[in-house]
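Each chain is listed here by its residues.
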Amino acid sequence: MNKIVKILVSILFLFSLTACGGGKFKIEGKWKNVGDDTFAQVQSGTVVVFDGEKCAIYSPSDTYAFYEESNQWYLDCTSFLFKDTVKFKVNVIDNDNIELNYGDTTLKLKRVD
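What counts, and at which threshold
Residues numbered from 1 in each chain as written. Predicted model: local features only at pLDDT ≥ 70, side-chain atom pairs only at ≥ 80, totals over all residues. Heavy atoms only, no water. Core = buried A, V, L, I, M, F, W, Y, C linked by side-chain atoms within 4.5 Å. Buried < 20%, exposed > 50% of the residue type's maximum accessible area, 1.4 Å probe, protein only. Helix = DSSP H or I, 4+ residues; strand = E, 2+ residues; numbered from the N terminus. Contact = heavy atoms within 4.5 Å. Polar contact = N/O pair within 3.5 Å; in protein donor to acceptor, adjacent residues only side chain to side chain. Pairing = 2+ DSSP bridges. Salt bridge = Lys/Arg side-chain N within 4 Å of Asp/Glu carboxyl O. pLDDT = per-residue confidence, 0-100.

1. Considerations on the nonpolar core
Ranked by internal contacts, the top residues of the largest apolar core, which has 20 residues, are F50, I57, L75, F88, I98 and L100. Those elements giving two or more residues to this core turn out to be β2 (47-50), β5 (72-78), β6 (85-94), β7 (97-102) and β8 (105-111). What F50 contacts, discounting residues up to four positions off in sequence, is I27, E28, G29, W31, C55, I57, Y64 and L75.

What follows is the structure, encoded as C-alpha cells:
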C-alpha cells in the first residue's frame, strides 16, 4: 500500500509541473548580440528587449511570436514599418544563450536581464 501511495504522489507531482509550464524556455527579457553577425537594427553589441509583445529586431516596434513546433523553436518577427514577417529558427543553447538563424545570418544573443 505504501508503494502505491508513493507512486500516486510522484505522478501528481509530475502533473503539477506540467500544468505550471514545466520549465518551458521563455524569451522575455533583455538580450545582447555578442556575435559578429548583424540583422537590420541588431548590430554587434545591441541589446534587444522582448517584452511579451514587442521587440526591435527588424524595425523600431516589431511584434513577435515565439513558439515551439515539432521540438524546434521559432521567432516570427513582423516589422512595424513594412508589415513583413521574418521567421527565425531559434537554437536554445541554455537559458541565457540563444542563436537566431535566418538564411546565412546567425545572431548570437546572451541574456543580460
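Still to come is the rest of the account.
2. So, the side chain of S79
As for its placement among the helices and strands, S79 is situated in the loop between β5 and β6. A relative accessible area of 1% places S79 in the buried class. In terms of polar contacts, S79 uses its side chain to reach the side chain of S59, at 3.4 Å. A distance of 3.1 Å separates the side chain of S79 from the backbone nitrogen of L81, its partner in a polar contact. With near-sequence residues (within four places) excluded, S79 lies in contact with Y58, S59, D62 and D84.

3. Points about the sheet that holds β2
Reading across the sheet, the eight strands line up as β2-β1-β8-β7-β6-β5-β4-β3 and stay open at both edges, with antiparallel pairing between neighbours. One side of each edge strand has no neighbouring strand; the edge strands of this open sheet are β2 and β3 (54-55). The pairing of strand β4 (residues 62-69) with β5 spans seven bridges and is antiparallel. Pairing of Y64 across the sheet is with C77, part of β5.

4. Notes on the pattern of salt bridges
By the definition in use, this model includes two salt bridges. Between E68 and K24 there is a salt bridge; the shortest N-O distance is 2.6 Å. Linking E68 in strand β4 with K24 in the loop between α1 (2-19) and β1 (29-33), this pair joins segments that are 44 residues apart in sequence. On the accessibility criterion, E68 (33% relative accessible area) is partly exposed. According to the relative accessible area criterion, K24 is partly exposed, its value standing at 46%.

5. Some words on the pairing of β2
By the alternation rule, side chains of β2 split into V48 and F50, which are all buried, and V47 and V49, of which none is buried. The sheet contact formed by β1 and β2 spans four bridges and is antiparallel. In the sheet register, G29 faces β2, and the bridge partner there is F50.

6. Re the confidence of the model for the chain
For the chain, the average pLDDT comes to 85, and 80% of its residues sit at 70 or higher. Contacts of residues 5-22 to residues separated by more than four positions or lying in other chains number one contact, the stretch itself having pLDDT below 50.

7. Let's talk about the environment of I27
By the secondary structure assignment, I27 is in the loop between α1 and β1. Separated by 25 residues in sequence, I27 and G52 have C-alpha atoms that sit 8.2 Å apart. Leave out the neighbours within four places in its chain, and I27 touches F50, Y64, F66, I98 and R111.

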